[in-house]
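# Tertiary structure, described
Residues per chain, in single letters:
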Amino acid sequence: MIKKIFSFKGSISRKEYIVSYFLYLAFYYLTAIILWHYYLAGTYSVLLYILSLWFIASQNSKRCHDLGKSGW
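Just so it is clear, the structure is predicted and the values come from calculations on it, not from any experiment.

What counts, and at which threshold
Residues numbered from 1 in each chain as written. Predicted model: local features only at pLDDT ≥ 70, side-chain atom pairs only at ≥ 80, totals over all residues. Heavy atoms only, no water. Helix = DSSP H or I, 4+ residues; strand = E, 2+ residues; numbered from the N terminus. Contact = heavy atoms within 4.5 Å. Areas by Shrake-Rupley, 256 points an atom, 1.4 Å probe, with all protein chains shown as cover. Phe/Tyr/Trp six-rings, centres within 6.5 Å; stacked < 30°, edge-to-face > 60°. Buried < 20%, exposed > 50% of the residue type's maximum accessible area, 1.4 Å probe, protein only. Patch = residues over 30% accessible without salt bridge, like charges linked within 9 Å, V, L, I, M, F, W, Y side chains within 5 Å. Salt bridge = Lys/Arg side-chain N within 4 Å of Asp/Glu carboxyl O.

Tallying secondary structure elements over the protein gives 2 helices and 0 strands in all. Once local pairs closer than 6 in sequence are excluded, the contacts in the protein between residues at least 24 apart make up 75%. With the model as given, the accessible surface of the protein reaches about 5700 Å², and the carbon-plus-sulfur share is 70%.

What follows is the structure, encoded as structure tokens:
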């Protein structure tokens, strides 16, 4: 799960998908709290937002592959 976390290739099990989704939520809210607390809105928040969207899109694509559907 950790090896190719941002890759769109392959498939993941239901358990890995659920764990990665909760990791995504934890990362997203933790960074939101940190950025809000230190007023770092700007480049850092945009980069972290793009990174989190890339992560969840890759996990969703892998789960679709596991279900026999296209990642698109």
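Mapping Ala 57 onto the fold places it in helix 2 (residues 43-66). Between the C-alpha atoms of Ala 57 and Ser 7, which are 50 residues apart in sequence, the distance is 9.5 Å.

Another aspect to go through is the packing of aromatic side chains. Under the criterion given, the structure shown has 3 aromatic pairs. Each ring, one from Tyr 21 and one from Phe 22, has its centre 6.4 Å from the other, and the planes form 65 degrees; the classification is edge-to-face. Overall, Tyr 21 belongs to the partly exposed group, its relative accessible area being 34%. Residue Phe 22 is classed as exposed on the basis of its relative accessible area of 53%. Clustering of aromatic rings is evident, with ring pairs tying together Tyr 21, Phe 22, Tyr 24 and Phe 55.

This part takes up a nonpolar patch on the surface. Judged by side-chain polarity, Phe 6, Phe 8, Phe 27, Leu 51 and Trp 54 come together as a nonpolar surface patch covering roughly 450 Å² of accessible area. The residue Trp 54 is located in helix 2 in this model.

Here Arg 63 shows up in helix 2. We classify Arg 63 as buried; its relative accessible area is 14%. For Arg 63, the residues in contact, after removing those within four places along its chain, are Ile 12, Ser 13, Arg 14 and Tyr 17.

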